[in-house]
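Remarks on the overall topology
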Amino acid sequence: MTDTIIEVRNLTREYQMGAELVRALRGVDMSIYRNEYVAIMGPSGSGKSTLMNMIGCLDTPTEGEYWLNGLEVSTMGDDALARVRNREIGFVFQTFNLLPRASALHNVELPLIYAGVSGRTRREHASGALSRVGLSDRVDHRPNELSGGQRQRVAIARALVNEPSILLADEPTGNLDSTTSEEIMTVFEELHAQGQTIIMVTHEADIAAHAHRVITLRDGRVHSDTKKAA
Amino acid sequence: MPIFEGLKLAFREIASHKLRSFFTLLGIIVSVGFLVAVVAIIQGMNAYVRENVAGAIVGKNAFQIRRTPISVGFIDDEEWRELQRRPPIESADAQFVTRAIPDAQAIALQSGWPTPQADVRWGNRTVADVLVFGVTAPFQVVQDYEMEAGEALSEVDVRERRPVVILGFDVAEKLFDNFNTAIGQRVRVAGTMVTVKGITKAKGTVLGQSWDGFAMLPLPVFEAIYGRRLTTVISVKMTEAFMVAGAMERAEEAMRIAHGLRPNDENDFTIDTAEGLISFWEQLTRVIFTVVPAVVVIGVVVGGIVIMNIMLMSVTERTREIGIRKSVGAQQRDIQRQFLAEAVTLATLGGVLGILAGGGLAAMVAVLSPMPARVTPWSVGVALSLGTGVGILFGVVPARRAAKLDPIEAMRAEQ
């Protein structure tokens, strides 16, 4: 259980916004281990979105190192990052980010297409992922024919379909009512129980409470890092 | 992402914007359709000229000895003056030729261009603007005329300058109610009284123009009315096509002797077959063939720019989709391939629709006019490669733009 998945050293990210230099991350150090369930919290402007993009390999740091599953991601180019995202990371977004004109099944298939998986295997894996989140009867529905909770489940299925090292959720309940939020949290709980590493960015304390470890950011630095007693 | 996935996506995208895709492609459809239709119509006309017109004017297995070539289309002033200095073709020349080609089926003299038009009058009936030819008797063999009523012109009619006329079917039909009583009637052709000796069978129409609206006089009678003309033509008809080339060589020899030319002198006459007429026609159509592609290329380029515009718009519209695809692992080349495949599919579809439209237009022309239209494989090939080429050429810019989008920015875009 001490298998390191994420190793971050002195992670720094600066943006040039017009004349102003915004220092979103000012040297973050942390390690996350296999099968952890981590919530990253912090007020807006604390740099949690930037950290999340960094961990998700959507962005590269100005300075510092980021090792994901033994790969040094911080020095990778665009296409290498895309491959890492494809294999190692499953995203769940606040706004679901599903393709509106594609069926649930096709949305879930998407990562497999870019992984080069052939048609039939793709459909098998995708429908398997959908049944894992309890949506095997909604395979052919389009996002606009699904409720918010169902959409987020499709997004979770999409995130899981490639069996990623980490499930990365950015405010996964931000657009959902509290009942549905609880449902989604139950799904996360189950996935975690099955061995999935989960990192969740949120500003809601009651959602963060579901996690087993809470990292709080403030002004681009780690402010606190507390583990819940199991 | 394999190419096949890209094409599938492209078809789905195009199918979900049918009307927009159609309007996007209008430029390509019209240009390609125009290309296919024009080529089909011209090719059809070429075949038509080869098969019908040329044979009808010169005669089958026949050639002409003329003062000036049939294809007078593209000559400069200098050449024109040169042609004007040539001596006319005379009946003495015909005798030389006759001696040189004893195996000819028929050798005839005929009045040449421009063919005069005159009124033909019988009693109180008049047919206006009838083409009047002056010919020797063998001309009727050269042109394969058959008689509907009465008899053909004879050698004696020509030698004795008999005032007789052979009427074309259309003229006779308008003048007389009964062809049998028409023979022997006296009619006026351009004011001169002549006796109807025969009426030819109908030859039909070519390019909407009747071949049966003429009055044929013995050459001396014609010359008595219109004077001797500079443009008299000798027609030689052989029994078989393979004999034509040899006969033309002997005719050239005979004409050089007849005109007293020395070995280094240029010919002061022209020997032409229907090929001459066909090549003149093809010279004409070649001009069209050089203009049409230019017009088509302009149209296709404009069409390509429209496609590029729509694709750029589509990239903007689908920024978020691109972001989502990138977030789940699409690499630059995956996105580039997807948008390129879409542009190429779109443009190729335009090419195909253009071919259908052009083919339809050509078929309509073929049905509504006497001209046949033939859609040629090469024009279809050019049309298709134009479409695909334009898709690639104008698809690259939007595809690159899509591929280079930053996934974080892209996912933040409005949907």
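In the block above lies the structure referred to throughout.
So, a few notes on the structure that sits alongside this text. Here the structure is a predicted model, which means the values were calculated and not measured.

Looking at the packing of aromatic side chains
Each aromatic ring pair is specified by the distance between its two centres and by the angle formed by the two planes. Residues and elements named next belong to chain B. Scanning the model with the defined rule gives seven aromatic pairs over all chains in all. On the numbers, 5.5 Å between centres and 65° between planes, the contact of Phe-22 with Phe-23 is edge-to-face. We classify Phe-22 as partly exposed; its relative accessible area is 37%. Seen from their ring centres, Tyr-145 and Phe-214 are 5.2 Å apart, and the 40° between their planes marks the pair as tilted. Of this pair, Tyr-145 sits in the loop between helix 5 (139–142) and strand 5 (147–150) while Phe-214 sits in strand 11 (residues 214–218), placing them 69 residues apart in sequence. For the residue pair Tyr-145 and Phe-214, the accessibility class agrees, reading buried in each case. One aromatic cluster is present, built from ring pairs that chain together Phe-133, Phe-139, Tyr-145 and Phe-214.

Points about the sheet that holds strand 10 (residues 221–227) of chain A
Within a beta sheet, neighbouring strands are joined by backbone hydrogen bonds and run either parallel or antiparallel to one another. Residue and element names in this part refer to chain A. Taken in spatial order, the six strands line up as 6-7-8-3-9-10 in an open sheet, and their pairing is mixed. In this open sheet, the two strands that pair with only one neighbour each are strand 6 (89–92) and strand 10. This sheet shows a mean twist of 20° between the axes of neighbouring strands, independent of strand direction. On top of the sheet, helix 1 (residues 48–55) reaches strand 3 (37–41), strand 6, strand 7 (166–170), strand 8 (197–201) and strand 9 (213–218); it is set at about 150° to strand 7, its chief contact. Along the sheet face, helix 6 (residues 178–193) touches strand 3, strand 7 and strand 8 and points at about 150° away from the line of strand 8.

A word on the side chain of Arg325(B)
Along the chain, Arg325(B) turns up in helix 12 (residues 319–327). With a relative accessible area of 2%, Arg325(B) lands in the buried category. In contact with Arg325(B), other than residues within four places in its own chain, are Leu99(A), Leu110(A), Tyr114(A), Leu9(B), Ala330(B), Ile335(B) and Gln338(B).

A closer look at the interface of chain A and chain B
At the junction of the two partners, chain A supplies 24 residues and chain B supplies 25 residues. Both faces combined, the contact of chain A with chain B buries some 2200 Å², and carbon together with sulfur accounts for 52% of it. Seen at the junction of chain A and chain B, the total is one salt bridge. Between Glu13(B) and Arg101(A) there is a salt bridge, with the nearest N and O atoms lying 2.6 Å from each other. Remark: the boundary between chain A and chain B carries nine residue pairs in polar contact (both at pLDDT 80 or more).

Details of unusual backbone geometry
For Asn35(A), which is not glycine, the phi dihedral falls at a positive 60°. Mapped onto the secondary structure, Asn35(A) falls in the loop between strand 2 (20–33) and strand 3.

Thoughts on the packing of helix 13 (residues 332–368) of chain B against helix 14 (residues 377–404) of chain B
All names here are of chain B. Contact geometry of helix 13 with helix 14 gives a least axis separation of 7 Å together with a crossing angle of 150°. Viewed along their axes, helix 13 and helix 14 adopt a mutual orientation that is roughly antiparallel. The handedness of the crossing between helix 13 and helix 14 is right-handed. Considered class by class, the residues forming the contact of helix 13 with helix 14 number 16 nonpolar, eight polar and two charged.

Observations regarding the sheet that holds strand 5 (residues 71–72) of chain A
Residue and element names in this part refer to chain A. Strands sit in the order 2-1-4-5 across an open sheet of four strands; the sheet is antiparallel. Each having just a single partner strand, strand 2 and strand 5 make up the two edges of the open sheet. By the bridge criterion, 11 bridges tie strand 1 (residues 4–17) to strand 2 in an arrangement that is antiparallel. Counted as the bridge partner of Gln-16 is Leu-21 from strand 2.

Some details on the pattern of salt bridges
Under the defined criterion, the tally for this structure stands at 24 salt bridges over all chains. Close ionic contact of Asp144(B) with Lys237(B) constitutes a salt bridge, the shortest N to O distance being 3.4 Å. Here Asp144(B), found in the loop between helix 5 and strand 5, pairs with Lys237(B), found in strand 12 (residues 233–237); they are 93 residues apart in sequence, far enough to count as distant. Two residues, Lys201(B) and Glu146(B), come together in a salt bridge whose shortest N-O distance is 3.7 Å. Highlighted residues: Lys201(B) in the loop between strand 8 (192–200) and strand 9 (205–206) and Glu146(B) in the loop between helix 5 and strand 5, separated in sequence by 55 residues. Linked by salt bridges that have partners in common, Arg101(A), Glu13(B), Arg318(B), Glu321(B), Arg325(B) and Glu342(B) make up one network.

So, helix 9 (residues 219–226) of chain B
Count 3.6 residues to each turn of an α-helix, and residues three or four apart come out pointing the same way. Residue and element names in this part refer to chain B. Taken as a whole, helix 9 has its buried residues at Leu-219, Pro-220, Val-221, Phe-222 and Glu-223. The secondary structure elements touched by the buried residues of helix 9 are strand 2 (106–110), strand 4 (125–135), helix 6 (155–159) and strand 11. With its phi angle positive at about 85°, Gly-227 sits one or two positions after the end of helix 9.

Topic: a nonpolar patch on the surface
Residue and element names in this part refer to chain B. Taken together, the side chains of Leu-19, Phe-22, Phe-23, Leu-26, Val-30, Val-352, Leu-353, Leu-356 and Leu-384 define a hydrophobic patch exposed on the protein surface, amounting to about 790 Å² of accessible area. Relative to the assigned elements, Val-352 resides in helix 13. A relative accessible area of 36% means that Val-352 is categorised as partly exposed.

Re the nonpolar core
Core analysis: the largest hydrophobic core is formed by 69 residues, its most contacted members being Ile6(A), Met30(A), Ile40(A), Leu51(A), Ile55(A), Tyr66(A) and Leu68(A). Residue contributions to this core peak at nine residues, all from helix 2 (residues 18–58) of chain B. Apart from the residues within four sequence positions on either side, Ile6(A) is in contact with Met30(A), Ser31(A), Ile32(A), Ile55(A), Tyr66(A), Trp67(A), Leu68(A), Ile166(A) and Ile199(A). Among the nonpolar cores identified, the runner-up in size contains 46 residues, and Phe63(B), Val97(B), Ile199(B) and Ala254(B) belong to it.

Regarding a positive patch on the surface
Together, Arg120(A), Arg123(A), Arg142(A), Lys8(B) and Arg12(B) line one region of the surface with positive charge. Where the positive patch is concerned, the elements lending two or more residues are helix 4 (119–132) of chain A together with helix 1 (3–15) of chain B. Look at Arg120(A) and you get exposed, because its relative accessible area is 65%.

Rules and cut-offs
Residues numbered from 1 in each chain as written. Chains lettered and ligands numbered in written order. Predicted model: local features only at pLDDT ≥ 70, side-chain atom pairs only at ≥ 80, totals over all residues. Heavy atoms only, no water. Phe/Tyr/Trp six-rings, centres within 6.5 Å; stacked < 30°, edge-to-face > 60°. Buried < 20%, exposed > 50% of the residue type's maximum accessible area, 1.4 Å probe, protein only. Helix = DSSP H or I, 4+ residues; strand = E, 2+ residues; numbered from the N terminus. Pairing = 2+ DSSP bridges. Axes fitted to C-alpha atoms, helices over the stretch in contact; angles between N-to-C directions. Contact = heavy atoms within 4.5 Å. Buried area = accessible area lost by both parts, 1.4 Å probe. Salt bridge = Lys/Arg side-chain N within 4 Å of Asp/Glu carboxyl O. Polar contact = N/O pair within 3.5 Å; in protein donor to acceptor, adjacent residues only side chain to side chain. Parallel < 35°, antiparallel > 145°, perpendicular 65-115°, else oblique. Left-handed = near helix turned anticlockwise from the far one by under 90°. Nonpolar A, V, L, I, M, F, W, Y, C, P; charged D, E, K, R; others polar. Patch = residues over 30% accessible without salt bridge, like charges linked within 9 Å, V, L, I, M, F, W, Y side chains within 5 Å. Areas by Shrake-Rupley, 256 points an atom, 1.4 Å probe, with all protein chains shown as cover. Core = buried A, V, L, I, M, F, W, Y, C linked by side-chain atoms within 4.5 Å. Lys, Arg positive; Asp, Glu negative; His and termini not counted. Charge placed at Lys NZ, Arg CZ, Asp CG, Glu CD.

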